[in-house]
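# Breakdown of the fold
If you want the building blocks of each chain, they are given just below.
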Amino acid sequence: MSRFAIIPAFNEEKNIEEVVKKVSGLGITPIVVDDGSTDNTFNVCKNNGAIAIRHDTNKGKGEAIKTGLNYLLENHPEFSHLVLMDADMQYHPEEALKIFDELEKNNPDFVMGHRDWRKVPFRHRLGNFVWRTAFNILFDTDLKDTNCGLIGFNKNAIERIKGHILGGYIVDNSILIGAIKNNLKIAHTPV
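Residues numbered from 1 in each chain as written. Predicted model: local features only at pLDDT ≥ 70, side-chain atom pairs only at ≥ 80, totals over all residues. Heavy atoms only, no water.

## Let's talk about the overall build of the chain
Tallying secondary structure elements over the chain gives 7 helices and 7 strands in all. When the helices and strands of the chain are placed in sequence order, the string is β-α-β-α-β-α-β-α-β-α-β-α-α-β. In terms of C-alpha radius of gyration, the chain reaches 16 Å, essentially the compact-globule figure of 16 Å for 191 residues. With the C-alpha coordinates of the chain rotated into their principal frame, the extents come out at 45 × 40 × 30 Å. When each of the 191 residues of the chain is scored for burial, the buried share is 52%. Long-range contacts, defined here as pairs at least 24 residues apart, represent 71% of the contacts in the chain between residues at least 6 apart. Accessible surface, the chain: about 9100 Å² in total, of which carbon and sulfur atoms supply 51%. Averaged over its 23 positive side-chain charges, the chain has a centre that lies 4 Å from the centre of its 25 negative ones. (Helix = DSSP H or I, 4+ residues; strand = E, 2+ residues; numbered from the N terminus. Rg over C-alpha atoms; globule rule 2.2 N^0.38 Å. Buried < 20%, exposed > 50% of the residue type's maximum accessible area, 1.4 Å probe, protein only. Contact = heavy atoms within 4.5 Å. Areas by Shrake-Rupley, 256 points an atom, 1.4 Å probe, with all protein chains shown as cover. Lys, Arg positive; Asp, Glu negative; His and termini not counted. Charge placed at Lys NZ, Arg CZ, Asp CG, Glu CD.)

## Considering the sheet that holds strand β1 (residues 3–9)
Sheet architecture is open: 7 strands sit in the order β3-β2-β1-β4-β6-β5-β7, paired in mixed fashion. If you trace the sheet from one side to the other, it starts and ends with β3 (51–55) and β7 (186–190), each paired once. Looking at each pair of strands side by side, their axes are set apart by 20 degrees on average, direction ignored. When strand β4 (residues 81–84) meets strand β6 (residues 151–154), the two strands line up antiparallel, connected through 4 bridges. Its bridge partner being in β6, V83 is matched across the sheet by G152. (Pairing = 2+ DSSP bridges. Axes fitted to C-alpha atoms, helices over the stretch in contact; angles between N-to-C directions.)

Here is the structure:
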């Protein structure tokens, strides 16, 4: 079973080597989309075994994700599962294994990580509480975390949500909205 991680990155020279090495060490193929970085992010990725794709200019996280998804679908059609993760080490790469475990054992289409709110700074907890509550009311859901940057998909889900991906702070929400609108089976797992 082939596992891939798409990692959008912008000026992450400081963290990306560690991310790429850890992801690779877990048996996951890292696809890093360098979104127009002005530092050495792209070369660090290439020199450490990642599949490195580069945008000439900064287009935003949503476009970087789409670029990674298109690359994966065109070049590795045999893949089974994918994790989307940030390049800033906010989540330890080992947490991706929890997402893959949920995808492979319980067969949902989409897995959203959910954080332990006790470990999140108060201002982030408050903002996420407000956003999550509004999201759950608007979409008649009862989701534990709507803004976690650690997300997993099966191949079917990618094809169905690709067109829903927007940019900015709401990129994770736009992906989640795409999953809801396409009636995908959604699961959560703690990260």
